[in-house]
Amino acid sequence: MRIDVLTLFPEMFDSPLSHSILKRAQERNIVEVVLSNIRDFATDSYRKVDDKPYGGGAGMVMTPAPVFDCFEYVQAQADQVPRVILLTPQGTPLSQDKVVELSQQPRLIMIAGRYEGFDERIRTGLNAEAISIGDFVLSGGELAAMVLIDAVVRRLPDALGDDDSALDDSFCNGLLEYPQYTRPEVFRDMKVPEILLSGDHGKIEKWRKEQSIERTKQWRPDIYEKYQQAESRKNEK
Ligand code: ADE
């Protein structure tokens, strides 16, 4: 997979891309991440990339020309048809289903903005899908793009080592993951649940499922409701 990121702050990506799973995936050529600085495509002497909003209002808006020029330059570097993603708090909330769908594409181009927003023609003219990583406002789209890159890359075949593989149990079966324990058996008077030490795999599996359900019900009633609906559809069949 090739992931291009158009940003005003390419250096922000250095650390996340140079550690752990993202680092290894690039070393193994599972993913190529190419960072491009939108400001390199500004044409005036101030290298300006934003301007005041038409109609008035606070803040500055990212102007379309440097983003379009940067996009066209980057797009021409590879043949695959890209999915274009604009990171914005106004976008559709990111979900694991969307992550899986994007991980099956050969190429993604992500656009991370700063300032108060983008000129709307960036989204419409580049046929970009607006994605938000949650109902809160970040100072820019860079951290959101990093979150999306991390979530997508760990889904790519061979990106995870054996030790990492269990990490995305949550969401995959429509429930949150059950609580996990490791050694020691007693830590500061807190004991590992007896059943996990029993060696009875049938009972352990049942306990884990119950814990998953209980945890989802308490912490994520929205996911629990969907789970219940899916279960009752299953039972109708
Ligand atoms: N840019 C600023 N806030 C954001 C968010 N929550 N998701 C995606 N991009 C953003």
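The shown structure was predicted, so the numbers you read here are calculated from the model rather than taken from an experiment.

*Asks:* Sorry, what's going on with the pairing of strand β1 (residues 2–7) here?
*Replies:* Regular strands place their side chains on alternate faces of the sheet. Across the six residues that make up β1, a large majority, six, are buried. Because side chains alternate across β1, one face comprises the buried residues R2, D4 and L6, and the other comprises I3, V5 and T7, equally buried. With six bridges joining them, β1 and strand β2 (residues 32–37) adopt parallel strand pairing. Note that in β2 the partner of D4 across the bridge is V34.

*Asks:* Help me understand the site of the ligand in this model?
*Replies:* In the vicinity of the ligand there are 13 residues, among which T88, I133, G134, F136 and L138 approach most closely. Contact between the ligand and G134: a nitrogen atom at 3.2 Å from a main-chain N or O atom of the residue. For the ligand, a nitrogen atom lies 2.8 Å from a polar atom in the backbone of F136. Protein chains shield 97% of the accessible area of the ligand, which is 260 Å² for the free molecule. Sorting the residues of the shell around the ligand by element identifies β5 (83–93) and β8 (129–132) as the ones contributing at least two each. Ranked by residues supplied to the shell around the ligand, first place goes to β5 with three residues.

*Asks:* Before we go on, may I ask you to explain the sheet that holds β8 in this structure?
*Replies:* Pairing between the strands of a sheet is mediated by backbone hydrogen bonds and can be parallel or antiparallel. Taken in spatial order, the five strands of this open sheet run β2-β1-β6-β5-β8, and their pairing is parallel. At either margin of the open sheet sits one strand with a lone partner, and together these are β2 and β8. Averaged over all pairs of adjacent strands, the angle between strand axes in this sheet comes to 30 degrees, irrespective of strand direction. As judged from the five bridges shared by β5 and strand β6 (residues 107–112), these two strands associate in the parallel manner. Across the sheet, R83 pairs through a bridge with L108, a residue of β6. Contacts from helix α4 (residues 96–103) reach β5, β6 and β8 within the one sheet, and its direction differs from that of β5 by about 170 degrees.

*Asks:* Just to check I follow, could you spell out the domain arrangement of the chain for this structure?
*Replies:* Where the parts come together, the accessible area they lose is often given as the size of the interface. Once the domains are mapped, the chain shows domain 1 (2–153) and domain 2 (170–236). Placing a centre on the C-alpha atoms of domain 1 and another on those of domain 2 gives a separation of 36 Å.

*Asks:* Would you take a moment to explain the sheet that holds strand β4 (residues 61–62) for this structure?
*Replies:* Judged by pairing direction, the sheet is mixed, and its three strands sit side by side in the order β3-β4-β7 without closing on themselves. Each edge of the open sheet is held by one strand with a lone partner, namely β3 (50–51) and β7 (117–118). Sheet topology note: the β4/β7 ladder contains two bridges and is parallel. By the bridge assignment, V61 is partnered in β7 with G117.

*Asks:* Sorry, what's going on with the packing of helix α7 (residues 201–219) against helix α8 (residues 221–236) here?
*Replies:* Packed helices, taken two at a time, are described by their axes: the angle between them and the distance between them. Across the interface, α7 lies against α8 with an axial gap of 5 Å and an inter-helix angle of 125 degrees. In terms of their interaxial angle, α7 and α8 are classed as oblique. Facing α7, whose interface residues are K209, I213, T216, K217, Q218 and W219, α8 presents P221, I223, Y224 and Y227. When the residues that make up the contact of α7 with α8 are grouped by side-chain class, the tally is six nonpolar, two polar and two charged.

Conventions and cut-offs
- Residues numbered from 1 in each chain as written.
- Predicted model: local features only at pLDDT ≥ 70, side-chain atom pairs only at ≥ 80, totals over all residues.
- Heavy atoms only, no water.
- Buried < 20%, exposed > 50% of the residue type's maximum accessible area, 1.4 Å probe, protein only.
- Helix = DSSP H or I, 4+ residues; strand = E, 2+ residues; numbered from the N terminus.
- Pairing = 2+ DSSP bridges.
- Near = heavy atom within 4 Å.
- Polar contact = N/O pair within 3.5 Å; in protein donor to acceptor, adjacent residues only side chain to side chain.
- Areas by Shrake-Rupley, 256 points an atom, 1.4 Å probe, with all protein chains shown as cover.
- Axes fitted to C-alpha atoms, helices over the stretch in contact; angles between N-to-C directions.
- Contact = heavy atoms within 4.5 Å.
- Domains from an automatic or database assignment.
- Parallel < 35°, antiparallel > 145°, perpendicular 65-115°, else oblique.
- Nonpolar A, V, L, I, M, F, W, Y, C, P; charged D, E, K, R; others polar.

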